[in-house]
Amino acid sequence: MAASKLVFVLVVMVVASFQFQSTVAQTRHVVADAFGWNIPSAADTYTTWASGQTFTVGDSLFFNFTTRFHDVTEVSQAAYGPCTIASPINSVTTGPATVNLRTPGNHYYICSVGAHCRSGQKLTINVAAAGTAGTPPPSTSSPAPAGSMMPPPSPPPPAGNASPSFTAVVPATFLAAALAFFY
Ligand SMILES: [Cu+2]
């Protein structure tokens, strides 16, 4: 019984993760929308824009700028404040540029052209790990009612250990599929 319960939980988790990946599309964030990646008139232009966004691993940033006029240089937190461009993590000089968010945590982007960064052309974002957004509620609630339906005393099957565990997988898959349907 314990084994079939484990199988059920695993099936639910697998189905849930598939469902999660298919329903949560990777978001393409157009940096500062129509304003694009330029020297802002207000120092908090990019901070304000970022505060209204939710960034997740798998998403991408779209920096709209003209090649040679600007660039997208990813720097460390230490370099971000004083706009230091000595040791960039990564730099994209061809615009417009799409930057894929592959790792969670804080990311720091500046423009290394002239004094643009010091004029406010800098963006810091916090990227959440993929799968932290919506999965916990359905996956934690579903095994509980299913477990209570299982009868506690289970007579041990006399022969063939493989067939009972197999038949337990079939309704579990059904239940998981039904759960996935009603998301
Ligand atoms: Cu610039």
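What you see is a predicted model, and the numbers here were worked out from it, not measured in a lab. (Residues numbered from 1 in each chain as written. Predicted model: local features only at pLDDT ≥ 70, side-chain atom pairs only at ≥ 80, totals over all residues.)

Draft legend 1. Just the sheet that holds strand β4 (residues 72-75), in detail. Sheet architecture is open: five strands sit in the order β2-β8-β7-β4-β5, paired in mixed fashion. Strands with a single pairing partner mark the edges of an open sheet, and in this sheet they are β2 (55-56) and β5 (90-92). (Pairing = 2+ DSSP bridges. Helix = DSSP H or I, 4+ residues; strand = E, 2+ residues; numbered from the N terminus.)

Draft legend 2. Main features of the sheet that holds strand β3 (residues 60-63). Taken together, three strands build an open sheet; the order of strands is β1-β3-β6 and the sheet is mixed. The open sheet has two free edges, formed respectively by β1 (28-30) and β6 (97-100), since each of these has just one partner strand. The sheet shows a mean angle of 25° between the axes of neighbouring strands, taken without regard to direction. The pairing of β1 with β3 spans three bridges and is classified as parallel. Following the sheet pairing, His29 is matched in β3 by Leu61. (Axes fitted to C-alpha atoms, helices over the stretch in contact; angles between N-to-C directions.)

Draft legend 3. Main features of the environment of His70. Along the chain, His70 turns up in the loop between β3 and β4. Expressed as a C-alpha distance, the spacing of His70 and Cys111, which sit 41 residues apart in the sequence, is 6.0 Å. When sequence neighbours within four positions are dropped, the list of residues in contact with His70 reads Trp37, Asn38, Phe65, Gly95, Cys111, Val113 and His116. (Contact = placed C-beta atoms within 7 Å.)

Draft legend 4. Here's a closer look at the nonpolar core. Membership of the largest hydrophobic core comes to 16 residues, with the highest contact counts inside it found for Val31, Trp37, Phe63, Val72, Ile110 and Leu123. Counting only elements with at least two residues in this core, the list comes to β3, β4, β7 (105-110) and β8 (122-128). Once residues lying within four places of it in the same chain are set aside, the contact partners of Val72 are Trp37, Phe63, Val92, Ala97, Val99 and Tyr109. (Core = buried A, V, L, I, M, F, W, Y, C linked by C-beta atoms within 7 Å. Buried ≥ 20, exposed ≤ 12 C-beta atoms within 10 Å, placed from the backbone.)

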